[in-house]
Amino acid sequence: MSVKTLTIDGVPIAIEEGTTVLEAARQNGVHIPTLCHLEGISDVGACRLCLVEINGSPKLQPACVTEVAEGMNIRTNTETLQDYRRTIVELLFAEGNHVCAVCVANGHCELQDLAIEVGMDHSRLPYRFPEREIDVSHDRFGIDHNRCVLCTRCVRVCDEIEGAHVWDVAYRGAALKVVTGLNQPWGAVDACTSCGKCVDACPTGAIFRKGSTVAEMERDRDRLEFIVNARKDHQWTR
Amino acid sequence: MAKIRLATIWLGGCSGCHMSFLDLDEWLFDFAEKVDVVFSPVGSDIKDYPENVDVCLVEGAVANEENLELLREARQRTKFLISFGDCAVTANVPAMRNMLGGSEPVLKRCYLELGDEHPQLPNFPGIVPELLDRVRPVHEMVEVDMYIPGCPPDANRIRKAIAPLLEGQTPDMTGRDMIKFG
């Protein structure tokens, strides 16, 4: 196993080949904001919040899908990055219908937390107010597309951990949305095992347990990481 | 030192932000020593927005023509305008009607489809303000100098945001205590 040496924010580090920049940063106590990243499932670089500057590269690179390389000089928190991150969060708020005041996830929402983290006190971009649906055809859960940020955590968790692949992504551009089955009502999808892993994975109030009311719903994020560890490393307790 | 001329206005909102302001309780006595409330739905009985206002707290989204007119007047006559609460900052709950596609479907649903005995659209020009086609946050209509998000912002947040202004300082609007939506 070979080791790569590089610097993150000026601090020299040595880390195993094949590690992502995000993992390397976290292992060395450097915080990089993320949204589509979730421990236990694969990374897709969808949200671009973890963009970092790498010397020699004219483009910003997503830390979650960029592997460390020898001699890399990475900066994770420059003014440019801070500005881009705030803009990304503003885009997410302006693009959907995120009405925090009447959301089941109010106070337990990763998008809300990110807005605080990036210092967003208002959106500089005009709100779109798109017309979107809510599907409550499932017995126990519901999906509110108004609150979906298209991180695809539900898609990956259902495919990679549960193995049911109920969720997928359909359409293009502004019409892009996550779908269940072949764009059927969720309740009509036989493949759904009602395991609730997508509910635990969702960063916002988009996928929710029925019966939850405003600010009431908390998720068990560690459950997914626990399942992965249990299977891989036979750690059956937490 | 002359007192600060303070106004508060209430556009398309539930008055929750004003209620939260009143939650400042005894601090309001200290506050009253430094400000003159020159216009406010909860603090004065003046009908016309005055000239030369130093600070104005704007609650609510811009939902109808009356809101827009008052907001423009306030902007013109105020030095420092504060977008106060989620409806003012994001358009929040009042803007949920935007997703229904304009004011007409909303009015039809409320007054015709759900009208009990004499369904009719409200129409009294000059008395009943026309709905704007879209509910908008304050800063999309006029320039805003500061934002206090929250639904409503709690009294502590309000105090931490406006107390420094009274001393001529800028508050630190960062972190969960100061800028959480919802």
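Note that the structure is predicted; figures quoted are calculated from it, not measured.

Draft legend 1. Here's a closer look at the interface of chain B and chain A. Contacts between the two partners involve 23 residues from chain B and, on the opposite side, 25 residues from chain A. Counting across the interface, chain B meets chain A through 1 salt bridge. In this structure, the salt-bridge partner of A:Asp113 is B:Arg176, at a minimum N-O distance of 2.3 Å. Among the secondary structure elements, those contributing two or more residues to the side of chain B that touches chain A are α4 (86-90), β6 (131-136) and α7 (176-179) of chain B.

Draft legend 2. Local environment of the packing of aromatic side chains. Tallied over the entire structure, the rule returns 7 aromatic pairs over all chains. Arranged with centres 5.7 Å apart and planes meeting at 45 degrees, the rings of A:Phe93 and B:Phe181 form a pair that is tilted. You can see A:Phe93 sitting in helix α2 (residues 79-95) and its partner B:Phe181 sitting in the segment after α7, one on each of two chains. On the basis of relative accessible area, A:Phe93 is assigned to the buried category, the value being 4%. We classify B:Phe181 as buried; its relative accessible area is 3%. Each residue in the set A:Phe141, A:Trp167 and A:Trp186 is aromatic and connected to the rest through ring pairs, giving one cluster. A:Arg238 extends its terminal NZ or CZ atom over the ring of A:Phe226, reaching a point 5.4 Å from the ring centre.

Draft legend 3. The arrangement of the side chain of B:Asn64 in detail. All names here are of chain B. Note on placement: Asn-64 falls in strand β4 (residues 62-64). With relative accessibility at 14%, the residue Asn-64 sits in the buried group. A polar side-chain atom of Asn-64 sits 3.1 Å from the main-chain amide nitrogen of Glu-66. Within polar-contact distance, the side chain of Asn-64 engages the backbone nitrogen of Asn-67 at 2.8 Å. In this view, Asn-64 contacts Pro-129, Glu-130, Leu-131 and Leu-132; residues no more than four positions away in its chain are not counted.

Draft legend 4. Summary view of the pattern of salt bridges. This structure, assessed with the given rule, holds 26 salt bridges over all chains. Here B:Lys34 and B:Glu167 are joined by a salt bridge, their closest N and O atoms 2.9 Å apart. Of this pair, B:Lys34 sits in helix α2 (residues 27-34) while B:Glu167 sits in the loop between α6 (155-166) and α7, placing them 133 residues apart in sequence. The partly exposed category is assigned to B:Lys34, whose relative accessible area is 37%. The salt bridge partner of B:Lys47 is B:Asp45, with a shortest N-O separation of 3.0 Å. The residues B:Lys47 and B:Asp45 share a single accessibility class, namely exposed. Within the structure, one salt-bridge network assembled from shared partners comprises A:Asp83, A:Arg86, A:Glu90, A:Asp121 and A:Arg124.

Draft legend 5. Quick look at the UniProt feature "domain: NADH:ubiquinone oxidoreductase-like 20kDa subunit" (unreviewed entry) in chain B. The feature "domain: NADH:ubiquinone oxidoreductase-like 20kDa subunit" (unreviewed entry), as given by UniProt, occupies residues 14-163 of chain B in the numbering adopted here. Helix and strand shares over residues 14-163 of chain B are 35% and 21% respectively, and the end C-alpha atoms of the span are 24 Å apart.

Draft legend 6. Spotlight on the pairing of strand β3 (residues 51-54) of chain A. Residues and elements named next belong to chain A. Burial along β3 is two-sided: the residues Leu-51 and Glu-53 and Val-52 and Ile-54 are all buried. Relative to strand β4 (residues 61-62), β3 is paired through 2 bridges, and the arrangement is antiparallel. By the bridge assignment, Val-52 is partnered in β4 with Gln-61. Hairpin connection from β3 to β4: 6 residues lie between these consecutive antiparallel strands, with Gly-56 at a positive phi of about 95 degrees. Two strands pair when backbone bridges link them, and β3 and strand β5 (residues 73-75) are joined in this way by 2 bridges, in the antiparallel orientation. The residue bridging Glu-53 from the neighbouring strand is Arg-75, located in β5.

Draft legend 7. Spatial organisation of the sheet that holds strand β7 (residues 146-148) of chain B. Residue and element names in this part refer to chain B. Read from one edge to the other, the open sheet built from 5 strands follows the order β2-β1-β3-β5-β7, with strand pairing classed as parallel. Across the chains shown, the open sheet's two edge strands, defined by having one partner strand only, are β2 (35-39) and β7. Strand-to-strand, the axes of this sheet are offset by a mean angle of 30 degrees, without reference to chain direction. Pairing between strand β1 (residues 4-10) and β2: 4 bridges, direction parallel. Considered in β2, the bridge of Ile-4 is made with Val-35. The strands touched by α2 within the sheet are β1 and β2, with β2 carrying the most contacts at an inclination of about 85 degrees. On the sheet, helix α3 (residues 65-77) packs against β1, β2, β3 (53-59) and β5 (78-84) and is oriented at approximately 135 degrees with respect to β5.

Cut-off values and rules
- Residues numbered from 1 in each chain as written.
- Chains lettered and ligands numbered in written order.
- Predicted model: local features only at pLDDT ≥ 70, side-chain atom pairs only at ≥ 80, totals over all residues.
- Heavy atoms only, no water.
- Contact = heavy atoms within 4.5 Å.
- Salt bridge = Lys/Arg side-chain N within 4 Å of Asp/Glu carboxyl O.
- Helix = DSSP H or I, 4+ residues; strand = E, 2+ residues; numbered from the N terminus.
- Phe/Tyr/Trp six-rings, centres within 6.5 Å; stacked < 30°, edge-to-face > 60°.
- Buried < 20%, exposed > 50% of the residue type's maximum accessible area, 1.4 Å probe, protein only.
- Lys NZ or Arg CZ within 6 Å of the ring centre and 35° of its normal.
- Polar contact = N/O pair within 3.5 Å; in protein donor to acceptor, adjacent residues only side chain to side chain.
- UniProt positions renumbered as here; feature names shortened; annotations may be inferred.
- Pairing = 2+ DSSP bridges.
- Axes fitted to C-alpha atoms, helices over the stretch in contact; angles between N-to-C directions.

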